[in-house]
Amino acid sequence: IDQTTDTPTNNFATLNPLATTKTQGVLSEGNLEFDNPGASDNWEAVASTIAVTSGKWYFEYKVIDGGASVGNGSQVGFLNYDVSNFQSDANSDLAATGEYGWYGAGNTFINGSDAGVISSYTDGDIVMVAMDLDNSKAYWGKNGTWVNSGDPTSGATGTGGHTIVSASSNAFAIAVAHREGGNGQANFGNPTFTGTDQSDGNSRGSFEYAPPSGYLSLCTANLSEYG
């Protein structure tokens, strides 16, 4: 889709060319597609232009190519801008302190610790992330189904979710990482790929799958009201 839906009163997040690992990947498609074209076995990561300190947020990431070691060639998640040192690293796979990611092979890394396998994803899958900073919980899914029996609407119970550390006091941004050859496209509500046009509860954004009740797209209009 080559026309943005941004307006003077509402802008959706994109991937931030100023918030990357030292070894930078290639951004295209209005800074929504991320590619690691390198020949070495290094991870390159990038974060979103908008970070939030509260609220419930949803985004999707379409994995075009998982990259080297296909199962472990991509990480999709988010990070704590106040803690993560990814911008100081030449090689970061979102597995350190302050970082939260789901590997293609299935493992989740939560604030630097391996939390085990929840499921796996591969080329062509659309990864879903629900980040609940009000209840300090995070959920991952793919192709319309939340994995690990996750229920993003379960609130403080956190059914199938993972704990977000310092969710009430720090700023969190969406982040993705790829090994060499890997690439994908982020959808914060203004997609590069066509979808079923599912919007959030404020009738903002266009997603392949309906955001869970109470979760919003990452855009300035929602940020001014809830972020």
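Preceding this paragraph is the structure being described.
This part covers the overall build of the chain. Each helix and strand in the chain was counted, giving 1 helix and 15 strands. With the C-alpha coordinates of the chain rotated into their principal frame, the extents come out at 45 × 40 × 30 Å. By the burial criterion, 52% of the 227 residues in the chain qualify as buried. The contacts of the chain with a sequence gap of at least 6 include a subset with a gap of at least 24, amounting to 63%. As displayed, the chain offers around 8700 Å² of accessible surface, 44% of which is attributable to carbon and sulfur atoms.

Bringing the environment of Gly101 into the picture now. Residue placement: Gly101 occurs in strand β7 (residues 99-103). Remark: the alpha-carbon pair of Gly101 and Ser88, spanning 13 residues in sequence, is separated by 18 Å. Excluding residues within four positions of it along the chain, Gly101 makes contact with Gln75, Val76, Gly77, Leu94, Asn107, Thr108, Phe109 and Trp140.

A few words now on unusual backbone geometry. Positive phi, close to 60°, is recorded for Asn31, a residue that is not glycine. Residue position: Asn31 is located in the loop between β2 (26-28) and β3 (33-35). The phi angle at Asp197 is positive, at roughly 65°, despite the residue not being glycine.

Turning our attention to the pairing of strand β10 (residues 126-132). Each regular strand shows side chains that alternate between the opposite faces of the sheet. Most of β10 sits inside the fold, with 7 of its 7 residues counted as buried. The two faces of β10 match: Ile126, Met128, Ala130 and Asp132 on one face and Val127, Val129 and Met131 on the other face are all buried. Direction of pairing for β10 relative to strand β11 (residues 137-142): antiparallel, over a ladder of 6 bridges. In the sheet register, Val127 faces β11, and the bridge partner there is Lys142. In this antiparallel pair of consecutive strands, β10 and β11, the connection spans 4 residues, and Ser136 shows a positive phi of 55°.

What follows covers the sheet that holds strand β6 (residues 74-80). On the basis of which strands lie adjacent, the open sheet formed by 7 strands has the order β1-β4-β14-β6-β7-β8-β9 and antiparallel pairing. Of all the strands in the sheet, just β1 (15-20) and β9 (113-117) have a single pairing partner and so form its edges. With direction set aside, neighbouring strand axes in the sheet form an average angle of 25°. As paired strands, β7 and strand β8 (residues 107-110) are joined by 3 bridges and run antiparallel to one another. Residue pairing for β8: Tyr100 is matched across the bridge by Ile110.

Another aspect to go through is the pattern of salt bridges. Pairing is possible between side chains that carry opposite charge, provided their charged atoms lie close to one another. Counted by the stated rule, this structure contains 1 salt bridge. Here Arg204 ties to Glu225 by a salt bridge, and the two come within 3.1 Å at their closest N and O atoms. Taken together, the positions of Arg204 in the loop between β15 (183-187) and α1 (220-226) and Glu225 in helix α1 put the pair 21 residues apart, joining distant regions of the chain. Taking relative accessible area as the criterion, Arg204 reaches 21% and is therefore assigned partly exposed. A relative accessible area of 45% places Glu225 in the partly exposed class.

Conventions adopted
- Residues numbered from 1 in each chain as written.
- Predicted model: local features only at pLDDT ≥ 70, side-chain atom pairs only at ≥ 80, totals over all residues.
- Heavy atoms only, no water.
- Helix = DSSP H or I, 4+ residues; strand = E, 2+ residues; numbered from the N terminus.
- Buried < 20%, exposed > 50% of the residue type's maximum accessible area, 1.4 Å probe, protein only.
- Contact = heavy atoms within 4.5 Å.
- Areas by Shrake-Rupley, 256 points an atom, 1.4 Å probe, with all protein chains shown as cover.
- Pairing = 2+ DSSP bridges.
- Axes fitted to C-alpha atoms, helices over the stretch in contact; angles between N-to-C directions.
- Salt bridge = Lys/Arg side-chain N within 4 Å of Asp/Glu carboxyl O.

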